[in-house]
There are 2 protein chains.
Amino acid sequence: MSRRRVTLADLAEAAGVSRTTASLVMTGRGRELRISHDVEQRVLRAAAELGYRPNAVSVGLRTGTSRTIGFVSDTVATSRLAGDMIKGALEAARERGVMLFIGETEGDPELERGLLHAMQDRQVDGLILAAMYTRTIKVPKDVGPAVLLNALPRQASDLPSIVPDEVEAGRSAARVLLEAGHHDGVHLIGAGPGLRNVPPQSVAAVERLMGIREVLGAAGVKIASGRVCADWLPEHGLAATEELLERHLPKALICLNDRLALGAYQALNDAGLSVPGDVSVVSFDDHPLASWMRPKLTSVALPHYELGRRAVEVLFAQMGDKAKPGEVHRVPMPVRHRESVGPPRP
Amino acid sequence: MSRRRVTLADLAEAAGVSRTTASLVMTGRGRELRISHDVEQRVLRAAAELGYRPNAVSVGLRTGTSRTIGFVSDTVATSRLAGDMIKGALEAARERGVMLFIGETEGDPELERGLLHAMQDRQVDGLILAAMYTRTIKVPKDVGPAVLLNALPRQASDLPSIVPDEVEAGRSAARVLLEAGHHDGVHLIGAGPGLRNVPPQSVAAVERLMGIREVLGAAGVKIASGRVCADWLPEHGLAATEELLERHLPKALICLNDRLALGAYQALNDAGLSVPGDVSVVSFDDHPLASWMRPKLTSVALPHYELGRRAVEVLFAQMGDKAKPGEVHRVPMPVRHRESVGPPRP
DNA sequence: CTGTTAGCGCCTTCAC
DNA sequence: GTGAAGGCGCTAACAG
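Everything numeric here is computed off the predicted structure, so don't read it as measured data. (Residues numbered from 1 in each chain as written. Chains lettered and ligands numbered in written order. Predicted model: local features only at pLDDT ≥ 70, side-chain atom pairs only at ≥ 80, totals over all residues. Heavy atoms only, no water.)

Caption draft 1: Just the overall build of chain A, in detail. In terms of helices and strands, chain A carries 11 helices and 12 strands. Its C-alpha atoms give chain A a radius of gyration of 27 Å, more than 25% over the compact-globule value 20 Å for 346 residues. For the C-alpha atoms alone, the extent of chain A along its principal axes is close to 90 × 40 × 35 Å. Split into buried and exposed, the 346 residues of chain A put 54% on the buried side. Surface summary for chain A: the accessible area is close to 15300 Å², and the carbon and sulfur share equals 51%. Looking at charge distribution, chain A has the averaged site of its 42 positive side-chain charges lying 5 Å from that of its 41 negative ones. (Helix = DSSP H or I, 4+ residues; strand = E, 2+ residues; numbered from the N terminus. Rg over C-alpha atoms; globule rule 2.2 N^0.38 Å. Buried < 20%, exposed > 50% of the residue type's maximum accessible area, 1.4 Å probe, protein only. Areas by Shrake-Rupley, 256 points an atom, 1.4 Å probe, with all protein chains shown as cover. Lys, Arg positive; Asp, Glu negative; His and termini not counted. Charge placed at Lys NZ, Arg CZ, Asp CG, Glu CD.)

So this is what it looks like as structure tokens:
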């Protein structure tokens, strides 16, 4: 038998004051309005005893705010990686006493409209528009306060974006090899060697490639070869590496993501090559997979958790006052040094 | 410049009727109250033109309902598997025009209380209490309409539960081996051979084991050995299998989950044993990993998506009228037949 | 068949 | 310092 909720009127009655007074005390403005300390204590005590909690719906109707934000993504909730984005957003939201609606559009514009409406009708204070893989998205109009997460606006827009710093990640991967002493025999799996040789739609591919080429180029290291893979799955990594091994004997592989690297490991293993003894491997994403592989894979991590956090931070900054409109926030991608990189074989 | 929301009053004015009439028409009860077809059309047309959508917060305050449910879990949002639970819940919710709040307790009772309050204050219509791994949980009191997802109540409770049917899954795994012709040399990795030999807290372990023992026993097949692993990670599977190989030459392995199986593969490979030529492997969970492994792993799948769906279905059934209180809904775990099981080596 | 009236629970000018 | 009154947007009695 759960009793009826305690209302402000109940509280006022129990404390023997008017609803106004009770409200003032509860919203913490009793002080500035010089409510007697005595009365304040009485109200506070009654509130604690009755377990009074303001009805958020009513407050929402009255104030137009709901302490709620919406997280809508194409299909983010499903992947482990992207789950971390939600987790980051969730924690940052909780720190601010804010709740999170979530929704998936599955890429269907009709669904997206419906979701946005459902959220707006519930008076969300702001929206996070998230993408599963980093990409450009069409920004719906009239969204109110919002940020783009793991996505960039297709058309000009003054919404801020939060994206992983893929170019710097590419540089990091290249540096890992350089620092291990590699100066030749470096091959790419998944894209390259040229900036045009990338799978379609993938901003990660071109940006990683830019960073790699920049650092390697500056060190005078030539990329020995690269091969594009239409999709970045283990089987493609396997095939690409097998093909590579027919022509070359690489000293180091930069795989454009961990799933490709898994396939590459397998091809290397089949060919009797050891990692990192014969060939070093460095990769991107830091998929959970990376630490299960033998030897453990050195990978430049996608900072999903941090992306989620930043999204709500930026959202609140934007709502609070002015963050520069349209600003792009790049979140660093840390290198997870593990066991797959070693000095080049002589 | 987004204009002010259009309100029911605006709509009524535009259509030249009273707010009541407008409300009646919009809530679809114009028919039964015999509002003139003419007026109805006028209101509908005005609504379409103005883009009128009722303010859900206001409706919530008035009716006490919010078309919103809360999904609170220990840490579910983070795992890929559990992400699918959310996805299932999300889709089932959307089909009913309901939104989803999500929250994570991280196992902290304080946090949990806060979350539940935050949701109740927002007048959620019901709650899904979810666990990451199937286990028993302490049911908070006064939660109102709620269901337990992937969890069972620790004390007696009349909340319904939705859990994977692990016992039947165990039977399925055993049958897979039987049907391939295995009648001896069957070893367990992760638990067993006895029902007491299980990692603590794991209901999955004991139930899977029950199913396995039942079917194998009925077929007169003896479990050759089993070893408990404190945690079900690849490294434990590796160690357990290495240890096993020191003493036996197994014909088939039942790994209690896929991550253990990954480790087992590795040990088998190191020992020069081929799968499934020398030893067959069957496992549980159908982690994404399972289809990346070579050969692809046959596994009994955790039906995360379906669990999520069922949770909201049961929740609504319960709210609608009466589902039997305390009922436990067991969701089937389908076998994913792949490449790791073959006939026993002679 | 339609309009008037009265709240849902809360916050916020205003007087006292 | 405190109380009375009004209204956020909507629905539901009850009249007309």
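Caption draft 2: Looking closely at the interface of chain A and chain B. Chain A puts 51 residues into the contact, and the matching count from chain B is 51 residues. Both faces combined, the contact of chain A with chain B buries some 4400 Å², and carbon together with sulfur accounts for 59% of it. Of all residues in chain A, Met 99, Arg 122 and Trp 292 of chain A bury the most surface against chain B, accounting for 16% of the area lost on that side. Counting across the chain A and chain B interface gives 8 salt bridges. Asp 121 of chain A is paired through a salt bridge with Arg 5 of chain B; the nearest N and O atoms lie 3.0 Å apart. Our count for the chain A to chain B interface comes out at 20 residue pairs in polar contact (both at pLDDT 80 or more). For the side of chain A that touches chain B, the secondary structure elements donating two or more residues are helix H4 (56-63), helix H5 (80-95), strand S2 (99-104), helix H6 (109-121) and helix H10 (258-270) of chain A. (Contact = heavy atoms within 4.5 Å. Buried area = accessible area lost by both parts, 1.4 Å probe. Salt bridge = Lys/Arg side-chain N within 4 Å of Asp/Glu carboxyl O. Polar contact = N/O pair within 3.5 Å; in protein donor to acceptor, adjacent residues only side chain to side chain.)

Caption draft 3: Main features of the packing of H4 of chain A against helix H4 (residues 56-63) of chain B. Interhelical geometry of H4 of chain A versus H4 of chain B gives an angle of 135 degrees and a closest axis separation of 9 Å. Between H4 of chain A and H4 of chain B, the interaxial angle falls into the category oblique. Along this stretch, H4 of chain A crosses H4 of chain B, giving a crossing that reads as left-handed. Counting all contacts with H4 of chain A, which are made through Val 57, Ser 58, Gly 60 and Leu 61 of chain A, the residues of H4 of chain B involved are Val 57, Ser 58, Gly 60 and Leu 61 of chain B. By residue class, the composition of the contact of H4 of chain A with H4 of chain B is 4 nonpolar, 4 polar and no charged. (Axes fitted to C-alpha atoms, helices over the stretch in contact; angles between N-to-C directions. Parallel < 35°, antiparallel > 145°, perpendicular 65-115°, else oblique. Left-handed = near helix turned anticlockwise from the far one by under 90°. Nonpolar A, V, L, I, M, F, W, Y, C, P; charged D, E, K, R; others polar.)

Caption draft 4: Up close: the packing of aromatic side chains. By the definition in use, this model includes 1 aromatic pair over all chains. Seen in terms of ring centroids, Phe 101 of chain A and Phe 101 of chain B are 4.2 Å apart; in terms of plane orientation they differ by 5 degrees. Their pairing is stacked. Highlighted residues: Phe 101 of chain A in strand S2 and Phe 101 of chain B in strand S2 (residues 99-104), drawn from two different chains. Classification of Phe 101 of chain B by relative accessible area gives buried; the value is 3%. Directly above the ring of Phe 316 of chain A sits Arg 96 of chain A, whose terminal nitrogen or CZ lies 5.4 Å from the centroid. (Phe/Tyr/Trp six-rings, centres within 6.5 Å; stacked < 30°, edge-to-face > 60°. Lys NZ or Arg CZ within 6 Å of the ring centre and 35° of its normal.)

Caption draft 5: Spotlight on the relation of the copies chain A and chain B. For the match of chain A to chain B, the screw axis carries a shift of 0.1 Å, the RMSD comes to 0.2 Å, and the turn is 180 degrees. Considering both components of the superposition, the chain copies are consistent with a two-fold axis. Counting the interface residues of chain A, we find that 100% of their copies in chain B are interface residues as well, pointing to one common contact surface. (Least-squares fit on C-alpha atoms with pLDDT ≥ 70 in both.)

Caption draft 6: Geometry of the environment of Val 335 of chain B. All names here are of chain B. Here Val 335 shows up in strand S12 (residues 335-336). Owing to a relative accessible area of 24%, Val 335 belongs among the partly exposed residues under this scheme. A sequence separation of 210 residues divides Val 335 from Asp 125, and the C-alpha atoms of the two residues are 36 Å apart. Those residues within four positions of Val 335 in sequence are excluded, and the remaining contacts are Ser 172, Val 176, Thr 298, Ser 299 and Val 300.

Caption draft 7: Highlighting the sheet that holds strand S6 (residues 186-190) of chain A. All names here are of chain A. Strand order in the open sheet formed by 6 strands is S7-S6-S8-S9-S10-S12, and the pairing between neighbours is mixed. Here the strands that pair on one side only, and so sit at the sheet edges, are strand S7 (223-228) and strand S12 (335-336). Along the sheet, helix H7 (residues 166-179) contacts S6, strand S8 (252-255), strand S9 (280-285), strand S10 (298-301) and S12; its crossing angle with S9, the most-contacted strand, is approximately 165 degrees. (Pairing = 2+ DSSP bridges.)

Caption draft 8: Region of the structure containing helix H9 (residues 234-247) of chain A. If you check H9 of chain A, its first and last C-alpha atoms are 21 Å apart, about what 14 residues at 1.5 Å a residue would give, namely 20 Å. For H9 of chain A, every residue scored as buried is listed here: Pro 234, Gly 237, Leu 238, Ala 240, Thr 241 and Leu 244 of chain A. (Expected span 1.5 Å × (residues − 1).)

Caption draft 9: Just the domain arrangement of chain A, in detail. On domain assignment, one finds that chain A holds domain 1 (8-54), domain 2 (68-163 + 304-331) and domain 3 (166-302). Centre-to-centre, using C-alpha coordinates, domain 1 of chain A lies 64 Å away from domain 3 of chain A. (Domains from an automatic or database assignment.)

Caption draft 10: Up close: the sheet that holds strand S11 (residues 328-331) of chain B. The sheet built from 12 strands is open, its strands ordered S11(A)-S5(A)-S4(A)-S3(A)-S1(A)-S2(A)-S2(B)-S1(B)-S3(B)-S4(B)-S5(B)-S11(B) with mixed pairing. Among the strands making up the open sheet, the edge pair consists of strand S11 (328-331) of chain A together with S11 of chain B. Along the sheet, successive strands turn relative to each other by an average axial angle of 25 degrees, direction set aside. For strand S1 (residues 68-73) of chain B and strand S3 (residues 126-137) of chain B, the ladder comprises 5 bridges, and the chain directions are parallel. Pairing of Ile 69 of chain B across the sheet is with Gly 126 of chain B, part of S3 of chain B.

Caption draft 11: Focus on unusual backbone geometry. Between Val 275 of chain A and the following residue, Pro 276 of chain A, the backbone shows a cis peptide bond with an omega angle of 0 degrees. Within the secondary structure, Pro 276 of chain A is located in the loop between H10 and S9. Along the chain, Arg 294 of chain B connects to Pro 295 of chain B via a cis peptide bond; the corresponding omega equals -10 degrees. With respect to the secondary-structure elements, Pro 295 of chain B resides in the loop between strand S9 (280-285) and strand S10 (298-301). In this model, Asp 142 of chain A sits at a positive phi of 55 degrees, which is unusual for a non-glycine residue. Located in the positive-phi region is Glu 106 of chain B, a residue other than glycine, with phi close to 55 degrees. Relative to the helices and strands, Glu 106 of chain B is located in the loop between S2 and helix H6 (109-121).

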